[in-house]
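Commentary on secondary and tertiary structure
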Amino acid sequence: MGRRSRALGRAPPRSRQEPAPPSSHAVGRSRGIDDLVLRMLAKAPRHRLGYAGDVAAALERLGAQPAPPPVIVPRSYTYRPSLAGRTAELEGLEKLLGRLAKGFGGCAVLVGESGAGKTRLAAEVATRASANDTRVITCECEPVGEEVHGEPLHSLRPLLRAIADVWRESPTDKQVRAASVLAAYEPALAEIGPPITEHIDPIAMRFRLFAVLRDVVVELARDEKLLLVIDDLQLADELTLAWLGSLRPKFLGEARVFVLATVRAEESTSALEGTLQAMDAQRFEVARLGRDAIGSLVRDMLALDTEAPT
């Protein structure tokens with residue numbers, strides 16, 4: 001029924017319609033406000049900002065005055081438990097963040113079966129990096145159908161939107177040319193440089209695209225180190241994997257860029273393993289939590305000081 005309705009040009013049900021950005025109702029609103037509001041209204045819960053503190057931090061980055069500290073710091077309740085049972089993994093990842101803080105990038109991958117807690121661990125690493133003057137960009141690979149991966153570079157759109165925000169004000173000629181190369185993958189960049197329409201040899205265009213993307217991460221990491229988190233990398237398209245494979249250890253180290261990926265062990269492929277090997281990714285096996293760690297999580301979620309109910 002959904003496909004038929006779209007074919008007939010009917011509007012989708014209101015519950016499925018994407019919200020309009022504030023700038024469509026009030027002229028002069030910035031792209032940053034649009035992105036923040038739309039993220040808060042995202043249909044999929046995992047795409048939304050989850051906590052008031054995250055919203056406050058985003059508003060401060062957009063120029064709002066910092067909020068005064070609360071008189072009483074509230075305890076998390078049924079939402080954000082502590083990270084239990086991951087001491088060894090966190091120690092190893094903290095060492096890598098320490099290297100990044102000193103200006104040396106790299107790559108790591110969290111590997112485990114579905115539901116083991118890889119995404120939660122990656123989020124904790126991202127939070128700690130943000131507190132250490134590091135720009136964090138989180139990307140997510142998503143399937144568009146059974147055994148079908150998304151469109152080329154779909155998982156890197158947060159990265160492309162970030163550079164669009166940097167270039168939008170007063171782009172240089174070089175940035176306009178770079179935006180034209182990337183505009184086919186992110187509409188926001190088409191406002192800076194129209195997509196290339198001339199015919200270019202596909203192999204030459206591929207090398208050009210990879211070079212421009214590398215320049216993007218270098219520019220984003222110029223003023224502050226960059227942590228690029230990519231969740232569910234096993235769902236990445238071939239172009240994304242090939243570009244990541246071009247980020248060799250020497251480049252990552254000198255560019256002050258760290259790539260942290262999560263991978264479902266049961267869905268890894270030879271192409272993905274080849275990419276991770278080319279990046280010299282440090283591997284962290286994320287096993288399922290034991291009974292004691294799960295009990296600690298439940299106690300935190302229910303704000304209990306005693307054993308959680310069974």
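The structure displayed is predicted, hence computed values, not measured ones.

A contiguous patch of positive charge, built from Lys174, Arg177, Arg208 and Arg222, is present on the exposed surface. Classification of Arg222 by relative accessible area gives exposed; the value is 53%.

The next point concerns the sheet that holds strand β5 (residues 225-231). Strand order in the open sheet formed by 5 strands is β2-β5-β6-β1-β7, with parallel pairing between adjacent strands. Two strands bound the open sheet, and with one partner strand each, they are β2 (134-140) and β7 (282-285). Between one strand axis and the next, the sheet turns through 15° on average, direction left out of account. Looking at chain direction, strand β1 (residues 106-112) and β7 are connected through 4 bridges and run parallel. Following the sheet pairing, Leu110 is matched in β7 by Phe284.

Below, the discussion takes up the packing of helix α7 (residues 173-182) against helix α9 (residues 202-220). Each pair of packed helices can be described by the angle between their axes along with the distance between the axes. Their axes nearest at 10 Å, the elements α7 and α9 cross at an angle of 125°. Here α7 is positioned oblique relative to α9, judged by the angle of their axes. The hand of the α7/α9 crossing is left-handed. Contact residues: α7 offers Lys174, Gln175, Ala178, Val181 and Leu182, while α9 offers Met205, Arg208, Leu209, Val212, Leu213, Asp215, Val216 and Glu219. Partitioned by chemical class, the residues of the contact of α7 with α9 number 8 nonpolar, 1 polar and 4 charged.

Before going further, it helps to examine the nonpolar core. If you look at the biggest cluster of nonpolar residues, it comprises 49 residues, and the most contacted ones within it are Leu189, Ile230, Leu233 and Trp243. Contact partners of Leu233, with chain neighbours within four places excluded, come to Cys141, Leu241, Leu244, Ala261, Thr262, Val263, Leu272 and Leu276. Counting residues in hydrophobic clusters, the runner-up holds 19 residues, among them Ala126, Leu227, Val229 and Phe258.

Scoring rules and cut-offs
Residues numbered from 1 in each chain as written. Predicted model: local features only at pLDDT ≥ 70, side-chain atom pairs only at ≥ 80, totals over all residues. Heavy atoms only, no water. Patch = residues over 30% accessible without salt bridge, like charges linked within 9 Å, V, L, I, M, F, W, Y side chains within 5 Å. Areas by Shrake-Rupley, 256 points an atom, 1.4 Å probe, with all protein chains shown as cover. Salt bridge = Lys/Arg side-chain N within 4 Å of Asp/Glu carboxyl O. Lys, Arg positive; Asp, Glu negative; His and termini not counted. Charge placed at Lys NZ, Arg CZ, Asp CG, Glu CD. Buried < 20%, exposed > 50% of the residue type's maximum accessible area, 1.4 Å probe, protein only. Pairing = 2+ DSSP bridges. Helix = DSSP H or I, 4+ residues; strand = E, 2+ residues; numbered from the N terminus. Axes fitted to C-alpha atoms, helices over the stretch in contact; angles between N-to-C directions. Parallel < 35°, antiparallel > 145°, perpendicular 65-115°, else oblique. Left-handed = near helix turned anticlockwise from the far one by under 90°. Contact = heavy atoms within 4.5 Å. Nonpolar A, V, L, I, M, F, W, Y, C, P; charged D, E, K, R; others polar. Core = buried A, V, L, I, M, F, W, Y, C linked by side-chain atoms within 4.5 Å.

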